[in-house]
Amino acid sequence: MPDLARCLAEAYDIALPHRGKGKVADYIPALARVDPMRFGMALALPDGTLHVAGDADMPFSIQSVSKVFTLALALRRVGTGLWDSVGREPSGSAFNSIVQLESEAGIPRNPLINAGAIATTDRLIDGRDADVVTQEILDFVRARAGDDGVGIDLDVALSESQTGARNRSLAHFMDAFGTLRHPVETALGVYFRQCAIAMSCRQLARAGLFLAMAGRDPLTGEQLVEAHRARRINAIMMLCGHYDNSGEFAFRVGLPGKSGVGGGILCIAPGQGSIAVWSPGLDDAGTSLVGAIALEHFAYAAGWSVFD
Ligand code: GLN
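Residues numbered from 1 in each chain as written. Predicted model: local features only at pLDDT ≥ 70, side-chain atom pairs only at ≥ 80, totals over all residues. Heavy atoms only, no water.

Here we look at the overall build of the chain
Piece 1. For the chain, the count of helices and strands is 14 helices and 8 strands.
Piece 2. Scaling as 2.2 N^0.38, a compact globule of 308 residues should have a C-alpha radius of gyration of about 19 Å, and the chain matches this with 18 Å.
Piece 3. Overall, the C-alpha framework of the chain stretches about 55 × 40 × 35 Å when taken along its three principal axes.
Piece 4. Considering the chain as a whole, with its 308 residues, one finds that 56% of them fall into the buried category.
Piece 5. A separation of at least 24 residues holds for 67% of the contacts in the chain among residues at least 6 apart in sequence.
Piece 6. Here the chain contributes 27 positive and 34 negative side-chain charges, whose respective centroids are spaced 2 Å apart. (Helix = DSSP H or I, 4+ residues; strand = E, 2+ residues; numbered from the N terminus. Rg over C-alpha atoms; globule rule 2.2 N^0.38 Å. Buried < 20%, exposed > 50% of the residue type's maximum accessible area, 1.4 Å probe, protein only. Contact = heavy atoms within 4.5 Å. Lys, Arg positive; Asp, Glu negative; His and termini not counted. Charge placed at Lys NZ, Arg CZ, Asp CG, Glu CD.)

Re the sheet that holds strand 2 (residues 50–54)
Piece 1. Strand order in the open sheet formed by 5 strands is 2-1-8-7-6, and the pairing between neighbours is antiparallel. Taken across any chain shown, the strands that pair with only one partner, and hence form the sheet edges, are strand 2 and strand 6 (257–259). Strand-to-strand twist of the sheet, defined as the mean angle between neighbouring strand axes without regard to direction, takes the value 10°.
Piece 2. Relative to strand 8 (residues 273–278), strand 1 (residues 40–44) runs antiparallel, the two being bridged by 5 bridges. By the bridge assignment for strand 8, A42 is matched with A276.
Piece 3. Lying on the sheet, helix 1 (residues 4–15) is in contact with strand 1 and strand 2; it crosses strand 2 at an angle near 20°. (Pairing = 2+ DSSP bridges. Axes fitted to C-alpha atoms, helices over the stretch in contact; angles between N-to-C directions.)

Some remarks on the side chain of T179
Piece 1. Along the chain, the position of T179 falls in the loop between helix 8 (165–176) and helix 9 (184–195).
Piece 2. At 2.6 Å, the side chain of T179 forms a polar contact with the backbone oxygen of G106.
Piece 3. Setting aside anything within four residues of it in sequence, one finds T179 in contact with S85, A105, G106, I107, P108, A119, D122 and M174. (Polar contact = N/O pair within 3.5 Å; in protein donor to acceptor, adjacent residues only side chain to side chain.)

Points about the sheet that holds strand 3 (residues 60–61)
Piece 1. Here we have 3 strands laid out as an open sheet, ordered 3-5-4, and antiparallel in their pairing. Of all strands in the sheet, those bounded by a partner on one side alone are strand 3 and strand 4 (151–152).

Let's talk about the environment of G208
Piece 1. Looking at where G208 falls in the secondary structure, it is placed in the loop between helix 10 (201–207) and helix 11 (209–212).
Piece 2. In this structure G208 comes out as buried when scored by relative accessible area, which is 0%.
Piece 3. As for G208 and A15, which are separated by 193 residues in sequence, their C-alpha atoms are 22 Å apart.

Overview of the side chain of N167
Piece 1. On the secondary structure map, N167 appears in helix 8.
Piece 2. Engagement of the side chain of N167 in a polar contact is seen with the side chain of N114, the distance being 2.9 Å.
Piece 3. Apart from residues lying up to four places away in sequence, N167 is in contact with N114, I118, L188, Y191 and F192.

A closer look at helix 14 (residues 289–302)
Piece 1. Between its terminal C-alpha atoms helix 14 stretches 20 Å, which fits the 20 Å expected from 14 residues at 1.5 Å a residue.
Piece 2. Every buried residue belonging to helix 14 is among V290, G291, A292, I293, A294, L295, F298, A299 and A302, and all of these are buried.
Piece 3. Check the buried side of helix 14 and you find it contacts helix 1, strand 1, helix 13 (246–252), strand 7 (264–269) and strand 8.
Piece 4. For helix 14, the side-chain oxygen to backbone nitrogen distance between the N-cap and G291 is 3.0 Å, and the N-cap itself is S288.
Piece 5. Downstream of helix 14 by one or two residues, G303 has phi in the positive range, about 75°. (Expected span 1.5 Å × (residues − 1).)

Observations regarding unusual backbone geometry
Piece 1. For D126, which is not glycine, the phi dihedral falls at a positive 50°.
Piece 2. On the secondary structure map, D126 appears in the loop between helix 5 (114–125) and helix 6 (130–145).
Piece 3. When its relative accessible area of 38% is taken as the criterion, D126 is described as partly exposed.
Piece 4. At Y243, a residue that is not glycine, the phi angle is positive and equals roughly 55°.

Have a look at this one:
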């Protein structure tokens, strides 16, 4: 049994010299302002143990990592009917790409690209008020993090909306095909706020544990999604979690993961634990460059892979 605390510390040290590489997301000022030298890691184990390194307690914008939590909630609420609105194939395209939507009749490839996440959020709304649904997502994330301090950065949410022409285009395009069940602005009102949830690595690693433990939060004992659904969420993360860079991430890390343009990555080791990393410099696909290096080394040192 490897010493996991040591594996984490080693991965941190190996990735540390790469800080500052990559490009910090700059489409909104609130993200552009973040210090590119920040780097944190946290490892959550099912017995409640947490190992941390670097800036593990500093909140960052989780952005697209939020899509995993919304997917879990939507599957729980609408079940397999969700797959009427969104597929589960890798897209091989950028996170905000519109090209496939036209040829595929307005059904987005998967729930982890922007179009698919908007469609998933739309289904989660299920006739309810946008504020109620946003609060449901936040409450779920807070409960998983075991920390009511998790919040939504409303400046980020507002800027997302003000610069949201691309996401609006995706939503209107899907609306034209009849994919969305609610007004575009209702779905986007929730989507922009879920992307603006701010969390630390410590909170995020803890929040991912239910996906590592067959849908059951090992610290509260609650079965949050059925085991087969947790498996499928992990499968989708593996194949689609990094957009057109998902194959590279699977090759290097070998674990399901989800990136966000805030520089966070949530990585799930089924049966073992959950790892969150954060460093704002991104590769071309919008995955944290330092974060991916750290995860690659951690997974290798720990001997964690879904391909054994
Ligand atoms: N809020 C971002 C967007 O919708 C999220 C993208 C991401 O993190 N990849 O464009």
